[in-house]
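So you can see what is in the structure, the chains are spelled out below.
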Amino acid sequence: MTAHRARIAASILDADLGNLGNAVRRVVEAGADRVHLDVMDAHFVPNLTFGPKTIKALRPRTTIPFDAHLMVDEPGRYIDEYLDAGCDSITFHVEIEEPIVPTLEAIRAAGRAAGLAVKPGTPLGALEPYADFLDIVLIMTVEPGFGGQTFMADVLAAKAAGARRILDHKLYGGEVHVDGGINRETAEFAGSHGVDVFVVGSALFMKGRDMGREVRLIRALADEGFQYGPNDGRPPIPSDRLTRFTSLPKHLAHRLMDEIEATGIPVMMLRGEGQVNPDGVRDYDLLIPASVEDHVIDAHGPSRERLLAEADAWRQSYATKA
Ligand code: DX5
Ligand code: ZN
């Protein structure tokens, strides 16, 4: 359980490319939340890095999520290899000529998160036609192709709110990513624009810098920016914090869980420690992400009240039958 809202995706682009396994180990030990894998084909961008075979070889090194960023002309042609390599999320660029929807659908059909990235010069509107197929919007704040470039603050300021709107269809789990020039000087600004996932590359691999301290600093500054930016001074709710929505007998808990999950919000159902019912089984707790609690109360509060009343009636009828 993390105590933070901001998630750090560590890019290994500026690591020792002759020892990527060690780079993965280092970023994991430094506390990164994800490994960001910059795949470049020397066509879409003027640089060549690594492909799905290298990613597959790195996969067993850690269990933290692999976030692939495909800067290639033909992501669709090789999408099965990236899925097979164990990528948890795959983001490619909207500027490609290859058809986009089939590749987004293939990523989602494999149960992974699908994303589209926009170069600094590409208007965000280019993503609109694909909004319903997206879990991730990646805003490039440098020209893709190299690490260590200067952060383009104006690009993020112009696109962050629009990126969030594009993901409005997702009640939970939609992520705005920023990539390029994120470090301790720029993290707070990026956090103040509501970014969820911060790709950090060269700032982590700087000689003489403690990588763990850099990850903690950048994450804390990003949360600070969010807290005193869009969150009106309130501390941000960690993305994976859960809160109890209600407790009900098992058969009724299942019904409410199904209703909420049908809207795309995950629910955890656990046998509670509360009331023991006439059938000898305790109520089940329904846990929901704290970050969407207000929405769930608005949307499913009436169902909760109705099922709580039904639970009472069920207990009474059970007791009278006994
Ligand atoms: C650039 C890559 C980035 C890059 C980030 O095209 O997509 O992920 O590695 O590195 P920094 O943080 O150094 O800008
Ligand atoms: Zn990247």
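Small disclaimer: the values here were computed from a predicted structure and weren't measured.

Reading the values: the criteria
Residues numbered from 1 in each chain as written. Chains lettered and ligands numbered in written order. Predicted model: local features only at pLDDT ≥ 70, side-chain atom pairs only at ≥ 80, totals over all residues. Heavy atoms only, no water. Helix = DSSP H or I, 4+ residues; strand = E, 2+ residues; numbered from the N terminus. Rg over C-alpha atoms; globule rule 2.2 N^0.38 Å. Buried < 20%, exposed > 50% of the residue type's maximum accessible area, 1.4 Å probe, protein only. Contact = heavy atoms within 4.5 Å. Polar contact = N/O pair within 3.5 Å; in protein donor to acceptor, adjacent residues only side chain to side chain. Near = heavy atom within 4 Å. Nonpolar A, V, L, I, M, F, W, Y, C, P; charged D, E, K, R; others polar. Donors = N, O, S within 2.8 Å, 3.2 Å for Na, K, Ca; no water. Tetrahedral: all angles 85-135°; square planar, octahedral: opposite > 155°, others 65-115°. Arc of directions from axis to C-beta.

Before going further, it helps to spend a moment on the overall build of the protein chain. Looking only at helices and strands, the protein chain features nine helices and 11 strands. Relative to the compact-globule value of 20 Å for 322 residues, the protein chain shows a C-alpha radius of gyration of 22 Å, a close match. For the C-alpha atoms alone, the extent of the protein chain along its principal axes is close to 75 × 40 × 40 Å. Put simply, the protein chain has 322 residues, and 52% of those count as buried. Partitioning the intrachain contacts of the protein chain with sequence separation of at least 6 by distance along the chain shows that 66% fall at a separation of at least 24.

Here we take up the side chain of S11. Positionally, S11 belongs in strand β1 (residues 7–11). A polar atom in the side chain of S11 sits 3.2 Å from the backbone nitrogen of L13. Aside from chain neighbours lying at most four places away, what touches S11 is H36, D38, V199, V200, G201 and F205.

Moving on: the site of ligand 1. Lining the immediate environment of ligand 1, one finds 20 residues, of which G145, G148, D179, G181 and S202 sit closest. Within the side chain of D179, one N or O atom sits 2.7 Å away from an oxygen atom of ligand 1. Those elements giving two or more residues to the shell around ligand 1 turn out to be β2 (34–40), β3 (66–71) and β8 (197–200). When residues in the shell around ligand 1 are grouped by element, the largest group, three residues, is from β2. For the shell around ligand 1, the class distribution of residues is eight nonpolar, 10 polar and two charged.

Four donors placed tetrahedrally around a metal ideally meet at 109.5 degrees, and six donors placed octahedrally ideally meet at 90 or 180 degrees. Protein coordination of the zinc ion (ligand 2) is provided by H36 (NE2), D38 (OD), H69 (ND1) and D179 (OD), with donor distances spanning 2.0 to 2.2 Å. What the six donor atoms of the zinc ion (ligand 2) show is an angle range of 73 to 170° at the metal, which sorts the shape as octahedral. Within one chain, the residues donating to the zinc ion (ligand 2) are spaced in sequence as H-x1-D-x30-H-x109-D. Taken together, the residues span a long stretch of sequence, with D38 in strand β2 and D179 in strand β7 (residues 175–179) at a distance of 141 residues.

A word on helix α4 (residues 101–109). Inspection of α4 places T103, L104 and I107 among the buried residues, and these make up the whole buried set. With its buried residues spanning 100° around the axis, α4 presents them on a single face. Tucked into the core, α4 has its buried residues touching α3 (79–84), β4 (89–93) and β5 (113–118). Positive backbone phi, approximately 75°, marks G111, located one or two places after α4.

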